[in-house]
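Listed below are the residues making up each chain.
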Amino acid sequence: MAPIAKVGGLGDVVTGLARACLLRGHTVDIMLPFYECIQKQQISDLALITVYNSYHDGNWIPTNAHRGVVSGIPVIFIEPSNEFFKGQHVYGGSYNELEAYLFFSRACLEWMQVSGIQPDIIHVHEWQTGALPLLFWDMYQYLSLKKPRVILTIHNMEHYGECRQEQLSKCGLDGSVYATIDKALDDRTIGHNPERLSLLKGGIVYSNAVVTVSPTYLKETLCSRWLASTLIAHRDKYFGILNGIDTAMWNPATDVFLPAKFSGQNIEGKKLCKHYVQRGLGLASEGIISGNNVPDTMLKVPLVVCISRLVPQKGLHLITHAIKYIEELGGQMIVLGKASDSRFEGEFKHLAELHNHGPSIRILLMYSEELSHMLYAAADMVLVPSIYEPCGLSQLIGMRYGAIPVVRKTGGLADTVFDMDDQSNCEIANGFIFEGVDEGSLNWALDRAFAYYRDKPDEWNSTVQKVIEIDNSWNKTAGEYIKIYDSIRVRS
Ligand code: ADP
């Protein structure tokens, strides 16, 4: 959940969708593990509300439920008394992650049961909460939770939630019951490992509705190698809804992290943000600011940013190639990224050592929400060269901050970015697209973007104004979620 426990786009979605539903008059509580790494000062009105026990592996674990408010949104934090969710990061702690999320899935339902709370809808995300629909239909629905219905959002199908039968049994279900093709048996191991289940697949089968995060990704998943047959079997309850962005959190006109504010009507502040970031990071920046005016000469050097988890999905070979190529083109590039794998971290550290003292490239290997806001605001272009991308928020946030997207045509990127050189698209054209996964394809898009930036400054500026004003907010798509909630809820 952004901003307190955000790793990637899922965190933005949880916050943004919750806010959009609240604004439409619905009651929303987000349930979150009380990760030890959460900065408690970012939670207001934090209070212990329930002390209860929840089952795990033969024991009832004493558990606390706290209530608090984050960015105006009510949150219930589940805090088990064992080692689960301890550590300095949201993911990758020294506890068993699979078991921790199995515990969490049950502890949420157990909390509803002991508190006598029956929401209309329980909305779960990813494999981590994939066991909740199983627990609901095969256990809690026979206890006191009659009313809720369950919806699952798949943010990324690569994360499958592999789980052995005996591990699933630790949450109190009989794992062997789910080891069939029509339930949770892992499609990849059918025929040779009946022990292995997939929590994501179980979640798909047992939820009343399943959503993925863009229409194009929906089509891609229906042709995928592993879960396609399950998704096809459940096609009538499977939907593709584009993610929105939380425009309260992402607003260049009010953003507290920016040295100057701007909007589609007045983009002057954006030039100052660029200058500020260039100076702050020691990148070459021509001209000196006098008053509020930045001389246009310094604006001839396009600044490209790439803000991303550094994992293969994101097109790492294309990101590293872009670093070289953008420098050759006389542009500047800033990468803000964090790798979870030591090999990729090593490679990017090496690149940082090579480039970070020069005038045009900065590679910042960290996670920083604050810096991400400043970089989107400073950027002329935002690069998203993903190999696959279920929705992608980086291009949407970039546009909201006046950065023109340069993206690979896949998943949600294909649904939100339309090429400037495609004559049939003039009205909605907002960026530069390439299709191949090779360096040449990326070069072609960057060449066109740089030429446009340098040769047609007036058109470039109007495109900047245009992309800032595109409505990619939850206002547009939250209604589609609400329609689905409404179609599956039990009417009393
Ligand atoms: P994914 O969910 O696959 O990570 P998205 O594009 O949907 O990709 O969402 C990424 C989100 O995470 C965006 O809000 C982006 O700004 C943010 N982000 C990614 N890496 C970093 C980082 N190193 N520092 C700050 N924010 C980051």
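Model, not experiment: these values are computed from the prediction.

1. Details of the nonpolar core
Core analysis: the largest hydrophobic core is formed by 141 residues, its most contacted members being Val305, Leu375 and Ala379. Counting residues per element, this core draws most heavily on helix α2 (residues 97-115), which supplies nine residues. If we skip the residues at most four places from it in the chain, Val305 touches Ile334, Leu375, Tyr376, Ala379, Val382 and Ala403.

2. Here we look at the site of the ligand
Around the ligand lies a shell of 19 residues, among which Gly8, Gly9, Ser372, Leu393 and Ser394 are the nearest. When contributions to the shell around the ligand are tallied by element, the ones reaching two or more residues are α1 (9-23), β11 (303-309), β12 (332-338), α11 (369-378) and α12 (394-400). Taken together, the residues that form the shell around the ligand break down as seven nonpolar, eight polar and four charged.

3. Here's the deal with the sheet that holds strand β15 (residues 404-408)
Pairing is parallel in the open sheet, where six strands are placed in the order β13-β12-β11-β14-β15-β16. Pairing within the sheet leaves two strands with one partner each, and these edge strands are β13 (361-365) and β16 (432-434). The sheet shows a mean angle of 15° between the axes of neighbouring strands, taken without regard to direction. Where β12 lies against β13, five bridges are found, and the strand directions are parallel. Across the sheet, the residue bridging to Met333 is Ile361, located in β13. Each of β11, β12, β13 and β14 (381-384) touches helix α9 (residues 316-328); the most contacted strand, β12, lies at about 160° to it. With respect to the sheet, helix α10 (residues 342-355) is in contact with β12 and β13, its orientation differing from that of β13 by roughly 145°.

4. So, helix α6 (residues 215-222)
Along α6, the residues classified as buried are Thr216, Tyr217, Leu218, Glu220 and Thr221. Check the buried side of α6 and you find it contacts β9 (209-212), α7 (228-233), β10 (238-240) and α13 (411-416).

5. Some thoughts on the sheet that holds strand β2 (residues 44-56)
Here we have four strands laid out as an open sheet, ordered β1-β4-β3-β2, and mixed in their pairing. A strand with exactly one partner marks an edge of an open sheet, and here the two such strands are β1 (30-33) and β2. Strand-to-strand twist across the sheet, computed as the mean angle between neighbouring axes with direction ignored, equals 25°. Note that β2 and strand β3 (residues 59-70) share ten bridges and pair antiparallel. Residue pairing in the sheet places His56 in a bridge with Asn59 of β3.

6. Side note on the pairing of β3
Consecutive side chains of a regular strand alternate in pointing toward one face of the sheet and then the other. Counting the residues in the hairpin turn of β2 and β3 gives two residues, including Asp57, whose phi is positive at 50°. In this structure, β3 lies alongside strand β4 (residues 73-80), joined through eight bridges in antiparallel fashion. Residue pairing across strands places Val69 opposite Pro74, the latter belonging to β4. Linking two consecutive strands that pair antiparallel, namely β3 and β4, is a turn of two residues; a positive phi of about 50° is found at Ser71 within it.

7. Topic: the packing of α1 against helix α16 (residues 474-488)
Close contact between α1 and α16 brings their axes to 10 Å; oriented N to C, the two are set at 80°. Classified by the angle between their axes, α1 and α16 sit roughly perpendicular to one another. Facing Gly16, Leu17, Ala20 and Cys21 of α1, the residues of α16 in contact are Trp474, Asn475, Ala478, Tyr481 and Ile482. Its residues assigned to classes, the contact of α1 with α16 shows seven nonpolar, two polar and no charged.

8. Describing the environment of Ile232
Along the polypeptide, Ile232 turns up in helix α7. Take Ile232: there are 12 C-beta atoms within 10 Å of it, and that puts it in the exposed class. As a C-alpha pair, Ile232 and Val114 span 118 residues in sequence and 37 Å in three-dimensional space.

9. Notes on unusual backbone geometry
Cis geometry is adopted by the peptide bond preceding Pro3, which originates at Ala2 and carries an omega value of -5°. Its location among the elements puts Pro3 in the segment before α1. Unlike most non-glycine residues, Phe85 shows phi in positive territory, near 70°. Mapped onto the secondary structure, Phe85 falls in the loop between β4 and α2. Since 25 C-beta atoms lie within 10 Å of it, Phe85 is described here as buried. If you check the backbone angles, Glu126 has positive phi at about 65° while not being a glycine. Considering the arrangement of structural elements, one finds Glu126 in the loop between β5 (121-125) and α3 (131-138).

10. Some points on the confidence of the model for the protein chain
For the protein chain, per-residue confidence averages 95 on the pLDDT scale, and 97% of positions sit at 70 or higher. Within the model, pLDDT remains below 50 along residues 287-292, and this stretch shows seven contacts once partners closer than five positions in the same chain are excluded. Note on the complex model: pTM 0.94, ipTM 0.99.

11. Some points on the environment of Gly87
Along the polypeptide, Gly87 turns up in the loop between β4 and α2. With 49 residues separating them along the chain, Gly87 and Ile38 place their C-alpha atoms 9.9 Å apart. Once residues lying within four places of it in the same chain are set aside, the contact partners of Gly87 are Glu36, Cys37, Gly93 and Ser94.

12. Considerations on the environment of Thr212
Topologically, Thr212 is positioned in strand β9. As for Thr212 and Glu126, which are separated by 86 residues in sequence, their C-alpha atoms are 10.0 Å apart.

13. Looking at helix α8 (residues 268-280)
Here α8 contains 13 residues, and its C-alpha end-to-end distance of 19 Å stays within 8% of the 18 Å for a straight helix at 1.5 Å per residue. Buried residues belonging to α8 abut β11 and α11. Remark: Gly282 follows α8 within two positions and exhibits a positive phi of approximately 75°.

Conventions adopted
- Residues numbered from 1 in each chain as written.
- Predicted model: local features only at pLDDT ≥ 70, side-chain atom pairs only at ≥ 80, totals over all residues.
- Core = buried A, V, L, I, M, F, W, Y, C linked by C-beta atoms within 7 Å.
- Buried ≥ 20, exposed ≤ 12 C-beta atoms within 10 Å, placed from the backbone.
- Helix = DSSP H or I, 4+ residues; strand = E, 2+ residues; numbered from the N terminus.
- Contact = placed C-beta atoms within 7 Å.
- Near = placed C-beta within 6 Å.
- Nonpolar A, V, L, I, M, F, W, Y, C, P; charged D, E, K, R; others polar.
- Pairing = 2+ DSSP bridges.
- Axes fitted to C-alpha atoms, helices over the stretch in contact; angles between N-to-C directions.
- Parallel < 35°, antiparallel > 145°, perpendicular 65-115°, else oblique.
- pLDDT = per-residue confidence, 0-100.
- Expected span 1.5 Å × (residues − 1).

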